[in-house]
Amino acid sequence: PAPVFQRSVSVADCPGTSSAQAGRAAACQGCPNQRLCAAGAAAPDPGEGGPEAAGAEARGAGLRAVRHTILVLSGKGGVGKSTFSALLAHGLAADEAKQVALLDIDICGPSIPKMMGLEGEQVHQSGSGWSPVYVEENLGVMSVGFLLSSPDDAVIWRGPKKNGLIKQFLRDVDWGEIDYLIVDTPPGTSDEHLSIVQYLGAAHVDGAVIITTPQEVSLQDVRKEINFCHKVKLPIIGVVENMSGFICPKCKNESQIFPPTTGGAEKMCQNLNISLLGKVPLDPQIGKSCDKGQSFLSEAPESPASSSYRSIIQRIQEYCDQHQFQGEKII
């Protein structure tokens with residue numbers, strides 16, 4: 001039977017679990033945890049109980065039927081991580097037989113709703129939990145951007161509150177049966193990254209796709225991200241080099257807008273023994289498509305960038321089919 005939707009959910013004015021207004025404030029209406037908060041029995045800080053407990057809880061709830069999980073990481077902001085996440089979701093969902101979910105855990109800078117053409121949409125609660133917002137029948141999206149009253153609202157939260165929302169996304173969203181869960185993360189190696197890796201520690205994670213641009217200032221931060229993956233025993237599917245040259249649409253000559261002064265992602269991957277999934281050239285249409293909330297792969301299917309994206313997506317699919325995460329303990 002179709003779920004019975006209640007009012008939309010908003011966390012912009014969430015009082016927090018330790019507040020006297022927990023479960024009683026206007027912002028609490030429609031939240032799956034309202035009764036627990038009102039009774040003073042809200043879940044403890046996400047860090048309590050250990051990563052295995054949190055991961056088991058997530059796996060036993062919203063993630064119980066996810067076949068493949070892919071994290072999209074980058075050390076630096078502005079390298080095209082969210083763009084790649086959105087296009088990876090579109091590319092995988094092009095196969096109508098596959099169910100794809102895109103989870104945006106960039107709490108302070110959620111851009112996925114805009115890129116997916118879902119700006120202004122809201123999350124609703126059904127009897128089985130929060131319902132994702134759907135782009136297509138086989139492509140669902142969840143983001144804190146859906147929980148804000150305005151796209152311009154700032155999310156001014158400390159780490160524990162961010163961690164709590166990420167855990168709630170994993171535990172309380174009714175994803176259904178999912179072939180691919182793509183997790184778009186913020187830049188860096190901090191709260192959100194530790195949370196998502198810990199909470200998924202007891203679940204199946206295929207690995208991470210790391211996004212960079214050719215210049216050394218980006219590669220420097222990406223090396224930190226790679227080191228982070230090694231330390232938390234998160235498999236690395238490979239590296240994608242965005243903005244890898246510009247091919248003139250008229251003369252077809254290539255220019256290096258961001259020169260790879262130290263050899264770019266290719267040299268870095270050789271040195272670190274990591275797979276280079278591919279290089280994506282600059283294309284002004286990519287930014288235009290993102291601003292319009294449309295898929296660049298559909299808008300410019302013959303573009304060299306589209307060809308690169310499709311090749312990279314195919315390699316990721318092949319990796320997921322061939323590799324099985326062994327459930328190593330996450331520190």
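Since the structure is predicted, the reported quantities are computational estimates derived from the model, not experimental observations.

**Student:** Describe the packing of aromatic side chains, and please don't skip the residues or the numbers.
**Tutor:** The final tally for this structure, using the stated rule, is three aromatic pairs. Ring geometry for F296 against Y309: centres 6.3 Å apart, planes inclined by 75°, an arrangement best described as edge-to-face. Here the residue F296 occupies a position in helix α10 (residues 296–299), and Y309 occupies one in helix α11 (residues 304–322), the gap between them amounting to 13 residues. Y309 shares its class with F296; the two are buried. Counting every residue linked through ring pairs, the aromatic cluster contains F84, F296 and Y309.

**Student:** Which residues make up the confidence of the model for the protein, and what values go with them?
**Tutor:** Scored by pLDDT, the protein has a mean of 83; 80% of the residues are at 70 or more. Here residues 41–56 is a poorly scored stretch, pLDDT under 50, and it has 22 contacts once near neighbours within four places are set aside; other chains count. Taken as a whole, residues 325–331 scores under 50 in pLDDT and shows 20 contacts with residues more than four places along the chain or in a different chain.

**Student:** Lay out the side chain of S306 with the relevant residues and their values.
**Tutor:** Relative to the assigned elements, S306 resides in helix α11. With residues near it in sequence (within four places) discarded, S306 still touches F296, L297, A300 and P301.

**Student:** Could you give an account of helix α9 (residues 284–292), naming the residues involved and the relevant values?
**Tutor:** Two residues of an α-helix separated by three or four positions point the same way, owing to the 3.6 residues in each turn. Where α9 is concerned, the buried positions are I286, S289 and C290. Seen along its axis, α9 keeps its buried residues to an arc of 100°; they face one direction. α9 presents P284 and D291 as exposed residues on the side facing more than 90 degrees away from its buried surface. Those residues of α9 hidden inside the fold are in contact with α3 (81–93), α4 (112–115), α10 and α11. The backbone nitrogen of Q285 has a side-chain oxygen 2.9 Å away, supplied by the residue at the start of α9, namely D283. Phi turns positive, to about 70°, at G293, one or two residues after α9.

Analysis parameters
Residues numbered from 1 in each chain as written. Predicted model: local features only at pLDDT ≥ 70, side-chain atom pairs only at ≥ 80, totals over all residues. Heavy atoms only, no water. Phe/Tyr/Trp six-rings, centres within 6.5 Å; stacked < 30°, edge-to-face > 60°. Helix = DSSP H or I, 4+ residues; strand = E, 2+ residues; numbered from the N terminus. Buried < 20%, exposed > 50% of the residue type's maximum accessible area, 1.4 Å probe, protein only. pLDDT = per-residue confidence, 0-100. Contact = heavy atoms within 4.5 Å. Arc of directions from axis to C-beta. Polar contact = N/O pair within 3.5 Å; in protein donor to acceptor, adjacent residues only side chain to side chain.

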